[in-house]
Structures are given as structure tokens and as C-alpha cells.
Amino acid sequence: MKPGSFTIVLLLLLYLLLIAVHSYGQTILVRDIDSFRPVEDVAVFNPAHTNTTLTNGFGIADISVFLHNDTLIFQHASYETIFLLYDDLEQKEFNVYLKKKSVALDEIIISATRFERELKDLPNRIVSVSAKKIEFDNPQTAADVLASTNEVFVQKSQLGGGSPMIRGFSANKVLIVLDGVRMNNAIFRGGNLQNVISIDPNAIENTEVIFGPGTVIYGSDALGGVMSFMTLEPRLSTESKFSSSVNLMGRYSSANKERTGHLDFRLAGKKWASVTSFSSSWFDDLRMGSSGPDEYLRRDYVETNGGLDQMVSNTEPEIQRFSGYSQLNVMQKFRFRPNERVDLNYGFHYSETSDVPRYDRLLQYSTPDTLKYASWYYGPQKWMLNVLNGSFMINCRMISELKISLAYQTFEESRHSRKFADPWFKNQNEHVDMYTANIDIEKRLNKNNILFYGFEGVFNDVKSTAFKRDYLSGDTEKTGTRYPDGKNHYTTYAAYLNYERRFSSTLTMFAGLRYNYVKLYSTFNDTSLYHFPFNEISINNGALNGSVGFSWRPADVWQLRINLSSGFRAPNLDDAGKVFDSSPGNVVVPNPGLKPEYAYSIEGGASRRLGGFAVIEASAFYTILVDAMVRRNFEFNGRDSIWYDGELSQVEAIVNAAGAKIYGLSATALIDIGEFFKLKSSITWVRGEDNEGDALRHVTPVFGNTALIFNHGRFLAEIYANYNGSIPYSRLAPSERDKSYIYAYDNDGNPYSPSWWTLNIKASYRIIEQLTLDAGIENLFNKRYRPYSSGIAAPGRNFIVAVRAHF
């Protein structure tokens, strides 16, 4: 969708604002005190139960049957019950606000349909992470927030990284969504990427992870799952007076000498509110553990003095030299709610890192005694998002609630590398402008039949430049760009329809379809360096995907789920138009003949409550990939090898393989042990291979977590173990075998990923209502380990101290 189309959507938004500015009159409106969203099915009655009513889908109920001297009782399973005099309601202008129970019976999920639904009705496996859990865990990045679910595996090539892996998919095969806006752009790569760390973990209000294809609602890229982050919301005042609040946090972590400071403050009136957030973090070089594979030690590094590169022996090999970086995050959000039917939100997000060393590349040796690179780092990663969201309650034939979202994002990233004893720096720079527009509609046909439908347009404009610079003389030369150096446009249009059918109070069905049209157009201005046999790439694809799922609750203690879905991912610019060195001695070239890949998945799950003190849940899935996009040997102008960056390299390209299969199991358990203790545990097992029998790159080892939690009064503590299985050489993907320098070696001298486990302790104490102290020890036994496919070893013993204040 081109930028000019935004004018039409904006005019539509303003028109809807005008037609919606009126109220219902002599009725009552019941809303959530935090989100201000209407609450459906609230029972309203007097103490004698002689008069009763129920709120509808808009949170509205007719109270004309009640007397002026009545006391009204408001009751809902997920909210605290309140009592109000009729006269008090008049003073409150017939607005009622309910507060969620500390343990609600039915968790509310937004990401599955873009509208609030109860988790018990959904056929998908979904987990969420609350702001309270994030505060307790004290994650350094948003990638660490995902890892805290213990069901998402996170790979890190460098300290400033974090690539989530979900059910055998990663990178551009899983979707990142922030405040309803997709972050995946045209250059999200198929390897591992770190864009999720642009999100500030200290500004997250809730995170939801949908497992399995989410293509019907979200379109391309959502093959393995959807990670939806909701940031701090401006909250309106429920009283006539103006209110404000401030939150402060300071944290120190010993393993990388992290210093993080955070400030957010809120302003709230009856009709408008704002929230402002600042976070800044500094990370020094990361220290690994002392007990584990010696292959992970950082034995050597390069220093440059007087224009001369020198190999230096690391006197502290557990310190991962040149891994530190810093990051700044800023967020500003405004909210305006002129009446109960219109809700407008504007959000501004900005993130910028310092230079981030690409640590795994700094481990490569060109000879047994000489490192390959003197320097390899990402330039500052900059991301900016401007988003305008509008929500409209419109009771007409086609619409009950309408949501419109307009967003503009910019992404800047760069790569800078220089080989040992070579004065030439290679510099590649990318800039992406991304425009998105979404229209999402909910239509309640009746209590048991609800339609969700909508439209989406996305436009990416990518600019790629490159040059070489002699850092001694200052001379510059041209070099190959990472992507085509001409026009790069990536456009998608989509429409979807989703249907919810409640057959009874125990059986719910969701079924949906989505059609996507995707167009990629790129041109090469200069082909003198690589002599491509083409000067443009033009790929046009359409895809129809669907899903159908059932949630059945045969008894209060049971839930059974089954979901069949299809997903697709269209080739983006990174798939079809990139030139880069994937691993030592290999170079990936463009493939203009690339086609979309498709996933067909079936998932089943069951959860069981045991005696009111335990919940056990298990899920299983099986996914078939057709025309899977994988990296394979290729030919360039009839040759299988070309000179690239000074060395003869095997030509590779992203191609459509015949197919692949991925399957797995996961299970969780939560058990109450007495009044103050809980035991929780989770485990995930995944396998996958392509049609040639080779393991897939993003299939993780078995991993899990077991925790004992103590919660009493002002004190909360948790002792937990994280554990990972091994991946032997026989199950390493071919592309991983090529990166032997990041792995340990087995008895036969082959690379493999060893198993590991850690023991950890965290605690939080609320000193006074406004002041909380957090402390923790991660990796208590100082294990040296490296999560699968990661280029950097994990932190050794890590002491964490954080102080939080609220005013």
C-alpha cells in the first residue's frame, strides 16, 4: 500500500469519529478500570433479586427497571463485585468501573482475533507474560521476556541479540507485533536476527505468544507463531479530578556489569491521558561461567595499534572481549476518549543502540593462530514507530466495533567489517521506510455468532548502499551492496474473515480465511561487481489460507482443543535479492525465481484441573512445509564458486526445497502446595527434517523449566532450574555444521551442542507500598554453556539487584 492511500483511511477515521459522537442516554456503561474497555455479561441486580439486567457486548445495560432508592450490585466471574446506590450512579454519570480479580477465572486474550476473547474459548496454544512477572524476572531485553515463558527458545549471536525460535521456526518465519502493528519488514532475514531487542522490556504491559500459524489474522511470516507485545497504556481517570503517577527503576547485574535506569510517568484526566517512558542500559563485556566446554573460552582477540593488527592472548578467557553495547528507548503515548464510543490513541516509539559487536564473527580463525576479523560490528540499530489507533463502537448492520490502525516505521541498520591485517573496512547500510494500515471489525450477530473481518495494506521502501574505506589513508571504493542498489518495493494487500460460533456454553468453534497478494520489485543499478544475468527482480504472489479450530469444555475441569491451519510466507527482499557470506567459504546470491512457502499444521491440546489445586496442560503439533525456503548449493552464471570478499566461495541461494516436516510436544503443570507455595514446570520437545533427511536449522533441543515459588505478604521468592538437552552432530543442520567455531566438539572431533542446566534464585520484597527491592542469583553454580546455535556463551554466575519506586 503506497503512502498516499493513508489519506483515504485517515478521512474514514475522521468520518467515523463524527458519526460516533453521541451517547446512549438513560443506560449504564460498565468498563474495565484499567483498559476502559466495556465488560460484557455483567449481572446487575438489587439485593432482593427482584430486578435484574445484563450488560451487552458494548458493556451497556438498561437500568430503567430499578428504583431510585435501590442498591445495585455488579457481578462478573472475572471482576470484583461492587455495590452502588442509584444516586451514586447519577453522580458518576452512569459510568461504572470494575477491577479484575487477582486470579481471574477466565484470562482475556487480545492477539488471537485482535479483539478481546476469553482464553477458554480459543483453540490455539497461547501463553502470556504480565507486567508483574516482567518486573520480578528483571529481563535485560525483550528477547529475555520471551525466554521467560520457558516455551520460546532464544538464540543469541551476540550480547546485543535475541532471535526467538518457536516450533522449529525463527527469524522471518515468526511474526513480531507491537501494539497491533507488525514489525517484520522486507529485510527480516531467514537466519537469526535481533530486531526484537528494539522493544523496551520496561515499557511492556503484557506479552502474548500464539503458537502455530497465525496467518489468518496476521498474514505472511506468521508460520511458527506470533509474538504480540502490548506496551504501557494511558489510563483515564475514573473521577473528575486530574491524577498522575511516576515509576522509577534502577538495576545492576554483575555478569556484564549492566546498569539500567527506567522512568515512566502517567497523566490522566476524564477524557485524555498520556504515558511517557524512558529507559537506558549499558552493558560491558559478558563474563561466561567457569565450568563447561573449553571451546567456548575467548582465548585471543585483536588489538590495533599504530595501524598494525596484533593477536593478543586473553588473560581472562572467561571475559568475552568486545561484546558490550548500550541502548536507549523512548516512548510517548496519548489517549483521547471523547465519549464511551470513541477511543483514540497515538504512540511514538524510538530505540537506538550503540555499535553492537558481532561476537560470533570475532571468533572465526583464518588459520589456527590468526583470527579472521580484526573488527566486525553492527552500526547503531535505530527503529522508530509512529502509530495512530482508533476504536469505535458502532452498532450498525455490518459493524459492532471497528478498529483502525495507521503506522509508519523506519529501520536503520548497518554492517562494518575489516579482516585481520587488511586496512579496508567494508560498510553496508540499509534503511527501510514501512507504512501499514489495518482495518479490523467485529460484528456480533447475536450472543453465539460473531464475525471478525478486516483489511491490511503494507508498503516497504528499502534503500541499500555500501562502500569500502581504507582506515589508514581514508581512501574509499565501491563495494557490493547487501541488497539491490536501485528501487526496492515490497507491497502486500490482504483481506480476512474469521467466524466464532458458540454451539453451547461448552463448545466453541473458530473458522477463518485470508487472502494475501504480495509484490516484490527490485532493480540493480550497478552489476559490474557481480555481473548478474538480470537487472531486476519481480515476484508477484497470491495466497489463500484458512484455519478451523474447536475448544470443548466437557466439564468445568477439562478443556480440549484441536486446530487445523495453513500458513504461508512470501519471499521478501532478504530471501530473493541478498548477497552475503553466510559462513566461511560460502556466499549467498539472489534467486529471482523464488516462490512462497506454505505450512499445513494440526494441533491438539488438553488441560485438566485437579481438585482445585493443580492444572496440567499438554499440546502436540505436526506441521508440513511445502516449497520450504532453505539455503542450498546454487550456480551463478554457470559456476558453483565465485570470488567474494577476497576468497573463493561456494555459491548458495535460497531455494524452494520439496518439503519438510516439523512435529513436537509441550507440557506444563502448576501445583499449589499449601497456602504459600506453588510448583510449576514446563517442557518442550521438537523435531524436524527436510525431504533429504537433513535436520532443520531452527529446530531446538528439548528444553524446560521447573520452579518452586513462595508468596506471602510483602515477600515473593522463586528457586528454579532451566535445562536444555543436547543436539548431537547427527542432528545438526548442514548450515550449523559449517559454523563449528561456535560449538563444542564430541569424541569424534565433530561439532555438537551439549546439554546443560542451571539453578537460579530470585526474590522481591515490598519495603513500603511505594518501594520494592529485587535481588537474584542466576546460574548459581557458574556453569559455562552456550544455548543452541548461539554465537556467545551465556552469562556465568550473575548477581542482580534492582530498586523500584512508585509515586
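In case you missed it, the structure is sitting above this.
**So, the overall build of the protein**
When you go through the protein residue by residue, the secondary structure sums to seven helices and 55 strands. Along the longest, intermediate and shortest principal axes, the C-alpha atoms of the protein span 90 × 55 × 50 Å. In the protein, the share of contacts with a sequence separation of at least 24, taken over all contacts with a separation of at least 6, comes to 67%. About 32,100 Å² of surface is accessible on the protein, with carbon and sulfur atoms providing 57% of the total. The positive charge centre, built from 83 side chains, and the negative charge centre, built from 88, are 2 Å apart in the protein.

**A word on the sheet that holds strand S14 (residues 175-178)**
The strands making up a sheet are joined through hydrogen bonds of the backbone, oriented either antiparallel or parallel. Taken in spatial order, the five strands of this open sheet run S10-S16-S17-S14-S15, and their pairing is mixed. The sheet is open, and its two edges are formed by strand S10 (125-130) and strand S15 (181-182), each paired on a single side.

**What about the environment of Thr238?**
Of note, Thr238 is situated in the loop between strand S17 (225-231) and strand S18 (243-253). Between the alpha carbons of Thr238 and Gly454 there is a distance of 32 Å; along the sequence they are 216 residues apart. Every residue in contact with Thr238, bar those within four places of it in the chain, is listed here: Ile33, Phe36, Tyr97 and Lys270.

**A closer look at the pattern of salt bridges**
Across all of its chains, the model carries 50 salt bridges by this definition. Of the charged contacts, one joins Asp774 and Arg804 as a salt bridge, the two residues approaching to 3.0 Å between their closest N and O atoms. Here Arg804 lies in strand S55 (residues 798-806) and Asp774 lies in strand S54 (residues 771-778), a separation of 30 residues in the sequence. A single burial state applies to Asp774 and to Arg804, both of which are buried. Within this structure, Glu40, Arg117, Glu118, Lys120, Asp121, Glu442, Arg444, Glu500, Arg502 and Arg553 form a network of salt bridges that share partners.

**Let's talk about the side chain of Asn172**
Assignment of secondary structure puts Asn172 in the loop between strand S13 (169-170) and S14. When sequence neighbours within four positions are dropped, the list of residues in contact with Asn172 reads Asn184, Phe188, Arg189, Gly190, Leu193, Asp221, Arg569, Asn572 and Asp575.

**Concerning the pairing of strand S26 (residues 342-353)**
Bridge count for strand S25 (residues 325-339) against S26 is 11 bridges, and the pairing is antiparallel. Bridging across to S26, Gln332 finds its partner in Phe348. The antiparallel pairing of S25 with S26 creates a hairpin that spans two residues between the two strands.

**With respect to the nonpolar core**
Residues Ile176, Val196, Ile199, Val209, Met227, Phe229 and Leu625 are the most contacted members of the largest nonpolar core, which totals 100 residues. For Ile176, the residues in contact, after removing those within four places along its chain, are Val181, Arg182, Met183, Asn184, Phe188, Val196, Ile199, Met227 and Phe229.

**Remarks on a nonpolar patch on the surface**
On the surface, Phe503, Val548, Phe550, Ile562, Leu564, Tyr600, Ile602, Tyr622, Ile624 and Val626 cluster together into a nonpolar patch covering about 800 Å² of accessible area. The element best represented in the nonpolar patch is strand S43 (residues 614-626), accounting for three residues. Looking at where Ile624 falls in the secondary structure, it is placed in strand S43. Here Ile624 falls in the partly exposed class, since its relative accessible area comes to 39%.

**Considering empty space enclosed by the protein**
If you walk through the whole model with that rule in mind, you get 12 cavities of 30 Å³ or more. As for the largest cavity, its lining consists of 45 residues, of which Asp144, Ala147, Asn722, Glu778 and Tyr785 are closest to the centre. Among the elements that make up the lining of the largest cavity, the one with the highest residue count is strand S50 (residues 715-724) (five residues). Each residue belonging to the lining of the largest cavity can be placed in one class, and the counts come to 20 nonpolar, 17 polar and eight charged. Empty space within the second largest cavity amounts to approximately 230 Å³. If you trace the second largest cavity, you find 20 residues lining it, with Ala112, Asn124, Ile217, Asn498 and Ser547 closest to the centre. Of all the secondary structure elements, the ones that give two or more residues to the lining of the second largest cavity are helix H5 (215-218), strand S38 (536-552) and strand S39 (558-569). The element best represented in the lining of the second largest cavity is H5, accounting for four residues. A class-by-class count of the residues in the lining of the second largest cavity yields nine nonpolar, 11 polar and no charged.

**Regarding the side chain of Ser323**
Inspection of the secondary structure assignment puts Ser323 in the loop between strand S24 (319-320) and S25. The class for Ser323 is buried, based on a relative accessible area of 1%. Of the polar contacts made by the side chain of Ser323, one reaches the backbone oxygen of Gln320; its length is 2.7 Å. Residues contacting Ser323, with those up to four places away along its chain left out, are Leu159, Asp285, Leu286, Pro357, Tyr359 and Ile792.

Scoring rules and cut-offs
Residues numbered from 1 in each chain as written. Predicted model: local features only at pLDDT ≥ 70, side-chain atom pairs only at ≥ 80, totals over all residues. Heavy atoms only, no water. Helix = DSSP H or I, 4+ residues; strand = E, 2+ residues; numbered from the N terminus. Contact = heavy atoms within 4.5 Å. Areas by Shrake-Rupley, 256 points an atom, 1.4 Å probe, with all protein chains shown as cover. Lys, Arg positive; Asp, Glu negative; His and termini not counted. Charge placed at Lys NZ, Arg CZ, Asp CG, Glu CD. Pairing = 2+ DSSP bridges. Salt bridge = Lys/Arg side-chain N within 4 Å of Asp/Glu carboxyl O. Buried < 20%, exposed > 50% of the residue type's maximum accessible area, 1.4 Å probe, protein only. Core = buried A, V, L, I, M, F, W, Y, C linked by side-chain atoms within 4.5 Å. Patch = residues over 30% accessible without salt bridge, like charges linked within 9 Å, V, L, I, M, F, W, Y side chains within 5 Å. 1 Å grid on protein atoms, 1.4 Å probe; cavity = no way out; pocket = protein on both sides within 12 Å on 5 of 7 lines; lining within 4 Å. Points joined across faces, edges and corners; volume = space filled by probe spheres on them. Nonpolar A, V, L, I, M, F, W, Y, C, P; charged D, E, K, R; others polar. Polar contact = N/O pair within 3.5 Å; in protein donor to acceptor, adjacent residues only side chain to side chain.

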